[in-house]
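Okay, here's what each chain looks like letter by letter:
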Amino acid sequence: MARAGRGCHLGLALGLLLALVLAPPALRAKPTVRKERVVRPDSELGERPPEDNQSFQYDHEAFLGKEDSKTFDQLTSEESKERLGKIVDRIDSDGDGFVTTEELKTWIKRVQKRYIYDNVAKVWKDYDRDKDDKISWEEYKQATYGYYLGNPTEFHDTSDHHTFKKMLPRDERRFKAADLDGDQTATREEFTAFLHPEEFEHMKEIVVLETLEDIDKNGDGFVDQDEYIADMFSHEENGPEPDWVLSEREQFNEFRDLNKDGKLDKDEIRHWILPQDYDHAQAEARHLVYESDKNKDEKLTKEEVLDNWNMFVGSQATNYGEDLTKNHDEL
């Protein structure tokens, strides 16, 4: 179940984007922003509580994040069901009239990969200024930080100044990690690794390091329990902690802090945000099948999917509703 504030660590990015609003349109390319770090545990499906608006919203945001998740309110329920039916036919790869968990997992992985590469394609022209189908570090730096670098006095003694000073070297470090051949330019694949490092094995150390730097406020190289909680919950003055925060403290003690020393090191952070035995697509597919499988035969007919269309159009199987707005031949 999603918790309020979980994984929404956007303070740095918000300050930076506010500064970029002042820049000319050509210079308003967005800096890299870290995705949500908390992965939904693959709990026993039989213990999953009934779906409500909050859990639907979690399905909606689990892979794309709050800003990128798509809604399906552009269409009537009848239009959504009609288009969803066509997608079901595509998911049923062997054409036997049933959608299995494995078929659904394969489809979700395909949708996730397509989203990532579509996202890179949309922003490519903002960075590839010389149109050579590569993006150099200088091109990226100028597109993202050019206004700040050219007008440093506007940011003197402001929070934005601190934000830029922190984000610029961090982006350069990530760019170099993605640049496998070390030529200071990124191919489309390398730039995809730069923008979506969590999807690439050779970038995972950067993901862990950036997560540590974000949460470790006292700079000791570890994440203690209060820092862990502060990343997802802001204390109101004299206000009590909600029950879910107390539950997260228990999670920290029981499951995050593996060596029980009261803090998380890099290995424990990696285990937390990049669990080796967790498959996002598998968990999402199991969840969708479990919630829609009326006769409990562990596979779905088109009728069962359409009867639960509300859940599917808010899931990754339909790119969070976006695919329902596309023509069939675009999928």
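Residues numbered from 1 in each chain as written. Predicted model: local features only at pLDDT ≥ 70, side-chain atom pairs only at ≥ 80, totals over all residues. Heavy atoms only, no water.

### Thoughts on helix α10 (residues 243-256)
For the α-helix, the turn length of 3.6 residues means that residues three or four positions removed from each other point alike.
Phase 1 of the analysis: With 14 residues, α10 should reach 20 Å at 1.5 Å per residue; the first-to-last C-alpha distance of 18 Å fits that figure.
Phase 2 of the analysis: Among the residues of α10, those classed as buried are Trp244, Val245, Glu248, Arg249, Phe252 and Arg256.
Phase 3 of the analysis: Packed against the buried residues of α10 are β4 (223-224), α9 (225-230), β5 (263-264) and α11 (266-273). (Helix = DSSP H or I, 4+ residues; strand = E, 2+ residues; numbered from the N terminus. Expected span 1.5 Å × (residues − 1). Buried < 20%, exposed > 50% of the residue type's maximum accessible area, 1.4 Å probe, protein only. Contact = heavy atoms within 4.5 Å.)

### Observations regarding the nonpolar core
Phase 1 of the analysis: Of all hydrophobic cores here, the largest spans 23 residues; its most connected members are Tyr127, Ile135, Tyr140, Tyr145, Phe191 and Phe194.
Phase 2 of the analysis: Elements with a minimum of two residues in this core: α4 (101-127), α5 (137-150), α6 (159-178) and α7 (188-195).
Phase 3 of the analysis: With six residues, α5 is the single largest residue contributor to this core. (Core = buried A, V, L, I, M, F, W, Y, C linked by side-chain atoms within 4.5 Å.)

### Quick notes on the pattern of salt bridges
Close approach of charged atoms allows side chains with opposite charge to pair.
Phase 1 of the analysis: All told, the structure shown has 17 salt bridges when counted by the stated rule.
Phase 2 of the analysis: Here glutamate 241 ties to arginine 249 by a salt bridge, and the two come within 2.7 Å at their closest N and O atoms.
Phase 3 of the analysis: Overall, the relative accessible area of 21% leaves glutamate 241 in the partly exposed class. (Salt bridge = Lys/Arg side-chain N within 4 Å of Asp/Glu carboxyl O.)

### With respect to the environment of asparagine 259
Phase 1 of the analysis: Within the secondary structure, asparagine 259 is located in the loop between α10 and β5.
Phase 2 of the analysis: Residues within four places of asparagine 259 in sequence aside, it is in contact with Asp265 and Glu268.

### A word on α4
Phase 1 of the analysis: Taking 1.5 Å of rise per residue, the 27 residues of α4 would be expected to cover 39 Å, and the 39 Å separating its terminal C-alpha atoms lies within 8% of that figure.
Phase 2 of the analysis: When the local axis directions of α4 are compared, the greatest deviation, roughly 25°, occurs at alanine 121. (Bend = angle between axes of the 7 residues up to and from the residue.)

### Description of the packing of α4 against helix α12 (residues 280-292)
Phase 1 of the analysis: Axis separation between α4 and α12 bottoms out at 8 Å; the angle between their running directions is 130°. Here α12 runs oblique to α4, going by the angle between their axes. α4 and α12 meet at a crossing whose hand is right-handed. For the pair formed by α4 and α12, the contact residues are Thr101, Glu102, Leu104, Lys105, Ile108 and Lys109 on the first element and Ala281, Gln282, Glu284, Ala285, Arg286, Leu288 and Val289 on the second.
Phase 2 of the analysis: Split by residue class, the contact of α4 with α12 holds six nonpolar, two polar and five charged. (Axes fitted to C-alpha atoms, helices over the stretch in contact; angles between N-to-C directions. Parallel < 35°, antiparallel > 145°, perpendicular 65-115°, else oblique. Left-handed = near helix turned anticlockwise from the far one by under 90°. Nonpolar A, V, L, I, M, F, W, Y, C, P; charged D, E, K, R; others polar.)

### Quick look at the side chain of glutamate 248
Phase 1 of the analysis: Take glutamate 248: it is sitting in helix α10.
Phase 2 of the analysis: Separated by 2.9 Å, the side chains of glutamate 248 and tyrosine 228 make a polar contact. (Polar contact = N/O pair within 3.5 Å; in protein donor to acceptor, adjacent residues only side chain to side chain.)

### A word on the packing of aromatic side chains
Phase 1 of the analysis: Considering all chains together, one arrives at 14 aromatic pairs under this definition.
Phase 2 of the analysis: Taking 6.3 Å as the distance between ring centres and 65° as the angle between the ring planes, the aromatic pair formed by tyrosine 140 and phenylalanine 191 counts as edge-to-face. Taken together, the positions of tyrosine 140 in helix α5 and phenylalanine 191 in helix α7 put the pair 51 residues apart, joining distant regions of the chain. The burial state of tyrosine 140 is the same as that of phenylalanine 191; both residues are buried.
Phase 3 of the analysis: Through a chain of ring-to-ring contacts, three or more aromatic side chains come together here, namely Trp124, Tyr127, Trp137, Tyr140, Phe175, Phe191 and Phe194.
Phase 4 of the analysis: A cation over an aromatic ring shows up here: arginine 188 above the ring of tryptophan 124, its NZ or CZ 4.3 Å from the ring centre.
Phase 5 of the analysis: Looking at lysine 299, its charged tip hangs above the ring of phenylalanine 98, at a distance of 4.2 Å from the centre. (Phe/Tyr/Trp six-rings, centres within 6.5 Å; stacked < 30°, edge-to-face > 60°. Lys NZ or Arg CZ within 6 Å of the ring centre and 35° of its normal.)

### With respect to the packing of helix α3 (residues 77-91) against α4
Phase 1 of the analysis: The N-to-C vectors of α3 and α4 enclose an angle of 110°; their axes lie 9 Å apart at closest approach. Of the possible angle classes, the one that applies to α3 and α4 is roughly perpendicular. For the pair formed by α3 and α4, the contact residues are Ile87, Arg90 and Ile91 on the first element and Glu103, Leu104, Trp107 and Arg110 on the second.
Phase 2 of the analysis: Tallied by class, the residues present in the contact of α3 with α4 amount to four nonpolar, no polar and three charged.

### Section: the UniProt feature "domain: EF-hand" (unreviewed entry) in the chain
Phase 1 of the analysis: Mapped onto the present numbering, the UniProt feature "domain: EF-hand" (unreviewed entry) falls at residues 79-114, 115-150, 166-201 and 203-238.
Phase 2 of the analysis: Between the C-alpha atoms that bound residues 115-150 there is a distance of 34 Å. The span itself is 75% helix and 6% strand.
Phase 3 of the analysis: End-to-end, the C-alpha atoms of residues 166-201 are 25 Å apart, and along that stretch the chain is 58% helix and 6% strand. (UniProt positions renumbered as here; feature names shortened; annotations may be inferred.)

### As for unusual backbone geometry
Phase 1 of the analysis: A positive phi angle, near 60°, is found at lysine 260, a position not held by glycine.
Phase 2 of the analysis: On the secondary structure map, lysine 260 appears in the loop between α10 and β5.
Phase 3 of the analysis: Positive phi outside glycine occurs at lysine 296, with the angle close to 55°.

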